[in-house]
Amino acid sequence: MTTAESADATSSIRQATRADLLEVFRIEQSVFPQPWPYSGFERQLQTPGFLVSEASGDGEPPTIVGYVVADTVSNHGRPLGHVKNLAVHPERRGEGMGQALLERGLAVLSSLGVERVKLEVRESNEAARGLYEKYGFEYLRTISAYYADGEDAHVLVADVGDRDAF
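Engineer: Just checking my understanding: could you explain helix 1 (residues 21-31) for this structure?
Structural biologist: Structural remark: α-helix, 3.6 residues per turn; residues separated by three or four positions point the same way. If you check which residues of helix 1 are buried, you get Leu-21, Val-24, Phe-25, Ile-27 and Glu-28. The arc that holds the buried residues of helix 1, viewed along the axis, is 160°, so those residues lie on one side. Where helix 1 is buried, its residues meet helix 2 (38-42), strand 3 (49-57), strand 4 (60-75) and strand 5 (78-88).

Engineer: What am I meant to see in helix 3 (residues 97-111) here?
Structural biologist: Relative to the 21 Å expected for 15 residues at 1.5 Å per residue, helix 3 spans 21 Å between its end C-alpha atoms, a close match to the ideal helical length. Those residues of helix 3 that sit buried are Met-97, Gly-98, Ala-100, Leu-101, Leu-102, Gly-105, Leu-106, Val-108 and Leu-109. Where helix 3 is buried, its residues meet strand 2 (10-15), strand 3, strand 4, strand 5, strand 6 (116-122) and helix 4 (126-134). A positive backbone phi angle near 90° is found at Gly-113, which sits one or two residues after helix 3.

Engineer: Quick question: what am I supposed to make of the pairing of strand 6 here?
Structural biologist: Remember that side chains alternate between the two faces of the sheet whenever the strand is regular. Judged by how many residues are buried, strand 6 sits mostly within the fold: five of seven residues are covered. Where strand 5 lies against strand 6, three bridges are found, and the strand directions are parallel. Following the sheet pairing, Gly-81 is matched in strand 6 by Val-117. For the crossover from strand 5 across helix 3 to strand 6, the handedness is right-handed. Pairing geometry for strand 6 and strand 8 (residues 153-159), over seven bridges, is antiparallel. Residue Val-117 lies in a different strand from strand 8, and its bridge partner there is Ala-158.

Engineer: Even after reading the chapter, I still don't get unusual backbone geometry, so can you show me in this structure?
Structural biologist: Excluding glycine, residues mostly have negative phi values, and the peptide bonds linking residues are mostly trans. Phi angles above zero are rare outside glycine, and His-76 is one such case at about 55°. Relative to the helices and strands, His-76 is located in the loop between strand 4 and strand 5. Judged by its relative accessible area of 79%, His-76 is exposed. Unlike most non-glycine residues, Ala-145 shows phi in positive territory, near 50°.

Engineer: Is there a simple way to think about the nonpolar core in this case?
Structural biologist: Looking at soluble globular proteins, one finds that nonpolar side chains tend to be buried together. Judged by nonpolar contacts, the single largest core of 28 residues is most densely connected at Val-83, Leu-102, Leu-106, Val-117, Tyr-132 and Phe-137. Among the secondary structure elements, those contributing two or more residues to this core are strand 3, strand 4, strand 5, helix 3, strand 6, helix 4 and strand 8. Looking at this core, the element that brings in the most residues is helix 3, giving seven residues. Discounting chain neighbours no more than four positions away, the residues touching Val-83 are Val-68, Val-69, Ala-70, Leu-102, Leu-106, Val-117, Lys-118 and Leu-119. Core analysis: the next-biggest nonpolar cluster, separate from the first, contains 13 residues, Phe-25, Ile-27, Phe-41 and Val-52 among them.

Quick notes on the rules
Think of each chain on its own: its residues are numbered from 1, step by step along the sequence as written. Side-chain atom pairs in this predicted model are given and counted only at pLDDT of 80 or more, local residue features only at pLDDT of at least 70, and totals for whole chains, interfaces and linings cover all residues. For the side-chain quantities, the full set of heavy atoms in the structure was used; hydrogens and water were omitted. The cut-offs for exposure are 20% and 50% of the maximum accessible area for each residue type, with area from a 1.4 Å probe on protein chains only; residues under the lower value are buried, those over the upper are exposed, and the others partly exposed. A run of H or I in DSSP becomes a helix once it reaches four residues, and a run of E becomes a strand once it reaches two; helices and strands are each numbered from the N terminus. In this description, the arc belongs to the directions extending from the helix axis to the C-beta atoms. Contacts were defined at the residue level, with two residues in contact if any of their heavy atoms lie within 4.5 Å. Given a helix with a known number of residues, its expected span is that number minus one, times 1.5 Å. Strands are treated as partners if at least two bridges between them are detected by DSSP. Crossover handedness is defined by viewing with both strands directed away from the observer: a clockwise path from the first strand over the helix to the second marks the crossover as right-handed. Throughout, nonpolar core names a set of buried Ala, Val, Leu, Ile, Met, Phe, Trp, Tyr and Cys residues whose side chains join them through atoms within 4.5 Å.

The values are spatial; any link to function lies outside them.
In structure tokens form, the structure reads like this:
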């Protein structure tokens, strides 16, 4: 299990469950200007790459502080990985949770036989693009007005089949 530690709390990454959905949805609403609907997360519950980062510390009950949704789509008969969504609660950014979630999500995709992964990211989201580039994602193309507010998306791709581990 991937574990990331901060000064006052420990987090672990695990498969998302129905009980996590409200906290995931609240993070989604706090992070994105056009959040996924709650039902979008419900539809992903059985996806092996729907993972949550759960933090605990100071005697408090564990809480969800981030998540990733990654799955596969068919690509000429071979699975293509797709990182659909990744977010960390705004108060918990900078602790390495986004990196740990992406790493674990890519590992899940790799275990499913995926050799190549794609994602879409807002053109203006420099922090996310920097994270993805750190994991070998490269610019493929731009999709004009991909987001409902008219912002373009960059499609990024990475080869993951030749990596030993994340």
